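Chain by chain, the residues:
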Amino acid sequence: SVSLSSSISDAEEYQPPIWKSYLYQLQQEAPRPKRIICPREVENRPKYYGREFHGIISREQADEILAGVEGAYILRESQRQPGCYTLALRFGNQTLNYRLFYDGKHFVGEKRFESIHDLVTDGLITLYIETKASEYISKMTTNPIYEHIGYATLLREKVSRRLSRTKNESRKASVTSEENTPVEKITSLVRRAALTQNDNHFNYEKAHNFKVHTFRGPHWCEYCANFMWGLIAQGVRCSDCGLNVHKQCSKYVPNDCQPDLKRIKRVYCCDLTTLVKAHNTQRPMVVDSCIREIEARGLKSEGLYRVSGFTEHIEDVKMAFDRDGDKADISANVYPDINIIAGALKLYFRDLPIPVITYDTYSKFIEAAKISNPDERLEAIHEVLMLLPAAHYETLRYLMIHLKKVTLHEKENFMNAENLGIVFGPTLMRPPEDSTLATLNDMRYQKLIVQILIENEDVLF
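Residues numbered from 1 in each chain as written. Predicted model: local features only at pLDDT ≥ 70, side-chain atom pairs only at ≥ 80, totals over all residues. Heavy atoms only, no water.

The chain appears in an unreviewed UniProt entry as Beta-chimaerin from Cuculus canorus.

### A closer look at the overall build of the chain
The number of helices and strands found in the chain is 18 helices and 9 strands. Counting the 461 residues in the chain, one finds 48% classified as buried. Counted over contacts in the chain with a minimum sequence separation of 6, partners at least 24 positions apart contribute 65%. With the model as given, the accessible surface of the chain reaches about 23,400 Å², and the carbon-plus-sulfur share is 50%. (Helix = DSSP H or I, 4+ residues; strand = E, 2+ residues; numbered from the N terminus. Buried < 20%, exposed > 50% of the residue type's maximum accessible area, 1.4 Å probe, protein only. Contact = heavy atoms within 4.5 Å. Areas by Shrake-Rupley, 256 points an atom, 1.4 Å probe, with all protein chains shown as cover.)

### Remarks on the environment of Lys132
Counting through the fold element by element, Lys132 comes out in helix 4 (residues 116–138). Taking the C-alpha atoms as reference, Lys132 lies 10.0 Å from Ala30; in sequence the two are 102 residues apart. Among all residues touching Lys132, those that are not within four sequence positions of it are Tyr22 and Leu26.

### Focus on the layout of surface pockets
A volume near 660 Å³ is recorded for the largest pocket. Elements with a minimum of two residues in the lining of the largest pocket: strand 4 (85–91), helix 4 and strand 8 (235–238). The dominant element in the lining of the largest pocket, judged by the number of residues it contributes, is helix 4, at 6 residues. Viewed by domain, the lining of the largest pocket spans two of them, domain 1 (21–139) and domain 2 (210–263), each represented by three or more residues. (1 Å grid on protein atoms, 1.4 Å probe; cavity = no way out; pocket = protein on both sides within 12 Å on 5 of 7 lines; lining within 4 Å. Points joined across faces, edges and corners; volume = space filled by probe spheres on them. Domains from an automatic or database assignment.)

### So, the pairing of strand 3 (residues 72–77)
Along strand 3, 6 of the 6 residues are buried, which leaves the element largely enclosed by surrounding structure. Burial of strand 3 is two-sided: the residues Ala72, Ile74 and Arg76 facing one way and the residues Tyr73, Leu75 and Glu77 facing the other way are all buried. Relative to strand 3, strand 1 (residues 34–35) runs parallel, the two sharing 2 bridges. Bridging across to strand 3, Arg35 finds its partner in Tyr73. In this sheet, strand 3 lies alongside strand 2 (residues 53–56) in parallel orientation, the contact comprising 2 bridges. Directly across from Ile56, in strand 3, lies its bridge partner Glu77. Read as a crossover between parallel neighbours, the route from strand 2 over helix 3 (residues 59–66) to strand 3 is right-handed. The sheet contact formed by strand 3 and strand 4 spans 5 bridges and is antiparallel. Across the sheet, the residue bridging to Arg76 is Thr86, located in strand 4. (Pairing = 2+ DSSP bridges. Right-handed = clockwise from strand over helix to strand, strands pointing away.)

### Describing the state of the cysteines
Counted by the stated rule, this structure contains 0 disulfides. As a non-bridged cysteine, Cys269 has Cys270 as the owner of its nearest cysteine sulfur, 8.9 Å distant. Its relative accessible area of 10% is what places Cys270 among the buried residues. (Disulfide = S-S within 2.5 Å.)

### Focus on helix 11 (residues 338–351)
Because each turn of an α-helix spans 3.6 residues, side chains separated by three or four positions end up pointing in the same direction. Taking 1.5 Å as the rise per residue, helix 11 with 14 residues should run 20 Å; its terminal C-alpha atoms sit 20 Å apart, in good agreement. Burial in helix 11 covers these residues: Ile338, Asn339, Ile340, Ile341, Ala342, Gly343, Ala344, Leu345, Lys346, Leu347, Tyr348 and Phe349. The secondary structure elements touched by the buried residues of helix 11 are helix 8 (272–279), helix 9 (285–297), helix 10 (311–324), helix 14 (390–407) and helix 16 (417–428). Near the N-terminus of helix 11, the side chain that reaches the backbone nitrogen of Asn339, with its oxygen 2.9 Å away, is that of Asp337. (Expected span 1.5 Å × (residues − 1). Polar contact = N/O pair within 3.5 Å; in protein donor to acceptor, adjacent residues only side chain to side chain.)

### Looking at empty space enclosed by the protein
Following the criterion strictly, the structure yields 1 cavity of 30 Å³ or more and no others. By volume, the largest cavity is sized at about 40 Å³. Taken together, Cys38, Arg40, Glu41, Val42, Arg45, Gly50, Arg51 and Phe53 form the lining of the largest cavity. For the lining of the largest cavity, a count of residues per class yields 3 nonpolar, 1 polar and 4 charged. (Nonpolar A, V, L, I, M, F, W, Y, C, P; charged D, E, K, R; others polar.)

### Quick notes on unusual backbone geometry
Positive phi, close to 60°, is recorded for Asn93, a residue that is not glycine. Tracing the backbone through its elements, the reader meets Asn93 in the loop between strand 4 and strand 5 (94–102). Owing to a relative accessible area of 67%, Asn93 belongs among the exposed residues under this scheme.

### Looking at the packing of aromatic side chains
Given two aromatic rings, their pairing is described by the distance between the two centres and the angle made by the two planes. One pass over the full model with this rule turns up 15 aromatic pairs. Taking 4.8 Å as the distance between ring centres and 80° as the angle between the ring planes, the aromatic pair formed by Tyr48 and Tyr49 counts as edge-to-face. Linked through ring pairs, Tyr48, Tyr49, Phe53, Tyr85 and Tyr102 together constitute an aromatic cluster. We note Arg112 situated over the ring of Phe107; from NZ or CZ to the ring centre the distance is 3.8 Å. (Phe/Tyr/Trp six-rings, centres within 6.5 Å; stacked < 30°, edge-to-face > 60°. Lys NZ or Arg CZ within 6 Å of the ring centre and 35° of its normal.)

### Overview of the pattern of salt bridges
Taken as a whole and judged by the stated rule, the model has 20 salt bridges. A salt bridge links Asp240 to Lys206; the nearest nitrogen and oxygen atoms lie 2.8 Å apart. One end of the pair, Asp240, is in the loop between strand 8 and strand 9 (244–245); the other, Lys206, is in the loop between helix 7 (188–197) and strand 7 (210–213), and 34 residues separate them in sequence. The buried category is assigned to Asp240, whose relative accessible area is 10%. In this structure, the salt-bridge partner of Lys318 is Asp351, at a minimum N-O distance of 3.2 Å. On the criterion of sequence distance, the pair formed by Lys318 in helix 10 and Asp351 in helix 11 is long-range, its members being 33 residues apart. For Asp351, a relative accessible area of 21% gives the class partly exposed. Where salt bridges share partners, they join Arg283, Asp288, Glu394 and Arg397 into one cluster. (Salt bridge = Lys/Arg side-chain N within 4 Å of Asp/Glu carboxyl O.)

### Details of the sheet that holds strand 8
The 3 strands lie next to each other as 7-8-9, forming an open sheet whose pairing is antiparallel. The strands lining the two open edges of the sheet, one partner per strand, are strand 7 and strand 9. Bridge count between strand 7 and strand 8: 4 bridges; the pairing is antiparallel. What sits directly across from Val212, in strand 8, is Val236.

Spelled out as structure tokens, the structure:
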């Protein structure tokens, strides 16, 4: 059985990286806000300001009121521009004046605060840290902890060994609670590193989807290991994988987002690479499921992909995929009309935020289509195909192999490569700027591209 002391030392082995606490200490040292109340009742005080509002007073008067008290602040109305308000704040033995705005929240820059007190607290922390540590901050990204994947791999191996041992021994051990601590300490950094090492993870590149985030309680940047300072909007979080980093560190994070299924709420309208990485598949499972169903029972269906199914039923299929993922039942028992499944597949492609043929490659494909010499044209199309992100390329390749099979049954379904090009051209490629004229001018080239991709899928892919 496991002794208590060895369990505890094991738990200590799994400490996350050593977070750098210098900026945290500075935040603790930052001056605290001191509200200087106006001794008289001020007429026409805006209802969203409190007793710290001193009415129309000059910069000099504000300076006298705040003199000598670090972190002290008042609000005043501008003498030169009545109706404009200023936050006067004492920091570093001088009075700083900021134009103050209110739109339901208070702000002087990008960050918006519920109260003036919070705004001043955050401002003092930022001023203090940027004054004391500007050089430190500028060098924060030079030796990122993020790249020490060796550490993370080591940790993962220890944890997996530990887990397999724990399964057998936790009943005997009297310290079940300690058994869990190591695993809980694994940060998303380590989880991501473990996924990167996972051989059957399709290693498509994917950029992180960072959004400004307000962290409750102390948080550290998973790129540079430094504290994320301030009261609100201290950093950014990837909404696909949960990585937390400073805004300035986010520029340096490689395109290695490993989306977490818990964060991906739907299947349709989700970025293609995000979806396949979250599900750990080569292609979106919608594409696989629909094509499997169509090839099983629909290849001879007249007007396949041209005849549309009932919109409500297509929406039902979409909802089933969003709700049940690859467990969605799209069999003939539920949807006897194959055109509904074909419609759901086309809708999936139309709903993609970035089309299968990406906005970045769109104009290059159109230019390639305009080449008159067939061999040169094919060569040019092949070159542009190589520029597609891996998940987009793989999805397009798989779809073209399928559409080629559809054309082999042209006698029954009346769908040749040209007809399919008309249907799929605008579905798979859309011009980056939404201009009707561009779309109309490009339609014949969109059709031609898809037609060539189908006819030459064995050569091109």
